[in-house]
Amino acid sequence: MVASGPRREAEFTLRGSAAILIGRDESADLVIDDQSASRRHAVIEKHEDGYYLRDLGSANGTYFDGLLHSKQARLREGDRFRIGQTEFVFHDETRDEGDLA
């Protein structure tokens, strides 16, 4: 879900996708209208053990839980990440109730 930015409160489903490209380019799976985002900014990839966020060498970087992050990071329920001025909140609807911390 988009927590802040031009598409605030928009929700995007990752179900069934191996990877979701995020960026300004119209060919991205999740297009964000944010001039501080790169055309191909970051990707969310599904692995056997969950979803991972990876910056694609963007000019301004990807912020994960408030810190500039240039490597791959595993996304967990409630994690926040920011691309430019757009902040996202990750919700994992596939997690089991026993997985709650």
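The structure contained in this document is the topic of the report that follows. (Residues numbered from 1 in each chain as written. Predicted model: local features only at pLDDT ≥ 70, side-chain atom pairs only at ≥ 80, totals over all residues. Heavy atoms only, no water.)

A separate point is the overall build of the chain. Helix and strand counts for the chain come out as zero helices and 10 strands. Taken from N to C terminus, the helices and strands of the chain fall in the order β-β-β-β-β-β-β-β-β-β. Per-residue burial over the chain gives 39% buried out of 101 residues. Put simply, of all contacts in the chain between residues at least 6 apart along the chain, 33% involve residues at least 24 apart. As presented, the chain carries roughly 6400 Å² of accessible surface, and 43% of it is formed by carbon and sulfur atoms. (Helix = DSSP H or I, 4+ residues; strand = E, 2+ residues; numbered from the N terminus. Buried < 20%, exposed > 50% of the residue type's maximum accessible area, 1.4 Å probe, protein only. Contact = heavy atoms within 4.5 Å. Areas by Shrake-Rupley, 256 points an atom, 1.4 Å probe, with all protein chains shown as cover.)

Below, the discussion takes up the pattern of salt bridges. Overall, the coordinates contain three salt bridges when judged by the stated rule. Across the pair Asp25 and Arg39 runs a salt bridge whose closest N-O atoms are separated by 3.8 Å. Linking Asp25 in the loop between strand 2 (19-23) and strand 3 (30-31) with Arg39 in the loop between strand 3 and strand 4 (42-47), this pair joins segments that are 14 residues apart in sequence. Among the salt bridges present, the one from Glu45 reaches Arg54, with a minimum N-O distance of 2.8 Å. The exposure class assigned to Glu45 is buried, which follows from its relative accessible area of 18%. (Salt bridge = Lys/Arg side-chain N within 4 Å of Asp/Glu carboxyl O.)

Turning to the packing of aromatic side chains, a few remarks are in order. Applying the stated criterion to the full structure yields two aromatic pairs. Pairing Phe81 with Phe88 gives two aromatic rings, centres 4.8 Å apart and planes at 15°, and the pair type is stacked. Take Phe88: its relative accessible area is 4%, and that puts it in the buried class. In this structure, Arg82 packs its charged tip against the face of Tyr63, placed 4.3 Å from the ring centre. (Phe/Tyr/Trp six-rings, centres within 6.5 Å; stacked < 30°, edge-to-face > 60°. Lys NZ or Arg CZ within 6 Å of the ring centre and 35° of its normal.)

We now examine unusual backbone geometry. Of note in the backbone geometry, Asp65 takes a positive phi value of approximately 50° without being a glycine. One can find Asp65 in the loop between strand 6 (62-64) and strand 7 (67-69).

Either a parallel or an antiparallel arrangement is found when strands of a sheet pair, and the pairing is made through backbone hydrogen bonds. Judged by pairing direction, the sheet is mixed, and its five strands sit side by side in the order 3-2-4-5-8 without closing on themselves. For this open sheet the edge positions go to strand 3 and strand 8 (73-75), each flanked by a neighbour on one side alone. (Pairing = 2+ DSSP bridges.)

In terms of strand pairing, strand 2 meets strand 4 through four bridges, oriented antiparallel. Of the residues in strand 4, the one forming a bridge with Ile22 is Ala42. Here six bridges tie strand 4 to strand 5 (residues 50-55), and the two strands are oriented antiparallel to one another. In the sheet register, Ala42 faces strand 5, and the bridge partner there is Asp55.

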